[in-house]
Amino acid sequence: MPQTRLYPVGAEVMLDGGTHFRVWAPWRSKVAVVLEHPDEKPVAMDLKSETEGYFSGLVGQAKAGTLYRFRLDAEIPHRADENGGPAPPPGAHEKRITR
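Structural notes, computed from the coordinates. The structure presented is a predicted model; accordingly, all values stated were derived computationally and were not measured. (Residues numbered from 1 in each chain as written. Predicted model: local features only at pLDDT ≥ 70, side-chain atom pairs only at ≥ 80, totals over all residues. Heavy atoms only, no water.)

### Considering the pairing of strand β6 (residues 54-59)
Here strand β2 (residues 19-24) pairs with β6 via 6 bridges, running antiparallel. Bridge pairing in β6 links F21 to G57. Bridge count for strand β5 (residues 48-49) against β6 is 2 bridges, and the pairing is antiparallel. Its bridge partner lying in β6, K48 is registered against S56. Remark: 4 residues form the turn of the hairpin made by β5 and β6, two consecutive strands paired antiparallel; E52 in that turn has positive phi of roughly 60°. (Pairing = 2+ DSSP bridges. Helix = DSSP H or I, 4+ residues; strand = E, 2+ residues; numbered from the N terminus.)

### Some thoughts on the packing of aromatic side chains
For the coordinates displayed, the defined rule picks out 4 aromatic pairs. Taken together, a centroid distance of 5.7 Å and an interplanar angle of 75° make the contact between Y68 and F70 edge-to-face. The pair formed by Y68 and F70 is uniform in burial state, with each residue classed as buried. In textbook terms, an aromatic cluster arises when at least three aromatic residues are bridged by ring pairs, as seen for F21, Y68 and F70. Positioned over the ring face of Y54 is R22, at 3.9 Å from the centre of the ring. (Phe/Tyr/Trp six-rings, centres within 6.5 Å; stacked < 30°, edge-to-face > 60°. Buried < 20%, exposed > 50% of the residue type's maximum accessible area, 1.4 Å probe, protein only. Lys NZ or Arg CZ within 6 Å of the ring centre and 35° of its normal.)

### What to know about the sheet that holds strand β1 (residues 10-13)
Across the sheet, which stays open at both edges, the 4 strands sit in the order β1-β2-β6-β5 with antiparallel pairing between neighbours. Of all the strands in the sheet, the pair left with one neighbour each is β1 and β5.

### Re the nonpolar core
Here is a general trend for soluble globular proteins: nonpolar side chains tend to be buried in one another's company. Residues F21, V31, V33, L35, L47 and F70 are the most contacted members of the largest nonpolar core, which totals 13 residues. Going through the elements one at a time, β2, β3 (31-36), β6 and β7 (67-72) are the ones with two or more residues in this core. Setting aside anything within four residues of it in sequence, one finds V31 in contact with V23, A25, D46, L47, F55, F70, R71 and L72. (Core = buried A, V, L, I, M, F, W, Y, C linked by side-chain atoms within 4.5 Å. Contact = heavy atoms within 4.5 Å.)

### Concerning the side chain of H20
Mapped onto the secondary structure, H20 falls in strand β2. A polar side-chain atom of H20 sits 2.7 Å from a polar atom in the side chain of R5. With sequence-adjacent residues up to four places away left out, H20 is seen in contact with R5, G10, A11, E12, M14, S56, G57 and L58. (Polar contact = N/O pair within 3.5 Å; in protein donor to acceptor, adjacent residues only side chain to side chain.)

### Describing unusual backbone geometry
Backbone geometry places E52, a non-glycine residue, at a positive phi of 60°. Checked against the element boundaries, E52 lands in the loop between β5 and β6.

### Notes on the pairing of β3
Taking burial as the measure, the 6 residues of β3 include 5 buried ones, the bulk of the element. For β3 and β7, the ladder comprises 6 bridges, and the chain directions are antiparallel. Across the sheet, the residue bridging to V34 is R69, located in β7. The hairpin turn running from β3 into strand β4 (residues 43-46), its antiparallel successor, is 6 residues long, and D39 in that turn takes a positive phi close to 65°.

Written as C-alpha cells, this is what we have:
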C-alpha cells in the first residue's frame, strides 16, 4: 500500500522510496521540480496538474538532502516556494529535502 502524505503541500520523503512533491500554483499551467546535484546537470521532472491549482508527483531520484527548485511554466527555475509564488530575494537559501 502506498504511503500517504502527512501535509497538504511541500516535499515529503516517502518510506517506500523517493520524495512526493505537492505545490499550489493556481496561476501556472505547468510546474516541474528541478533536482540539482553537485557536479551534475540539473534534472527536471514535471508534476501532474490536479484540481484547484495543485501540482504533484513522486520523484524517485529525490532523496533526503537533495537540493531542489521549482520551474514554473518552463521559466528559469525558481528557488523552492511551495505556494508557487515568486522566487525569494537573491541570497535566500534553497530548499533541501529533509526527513
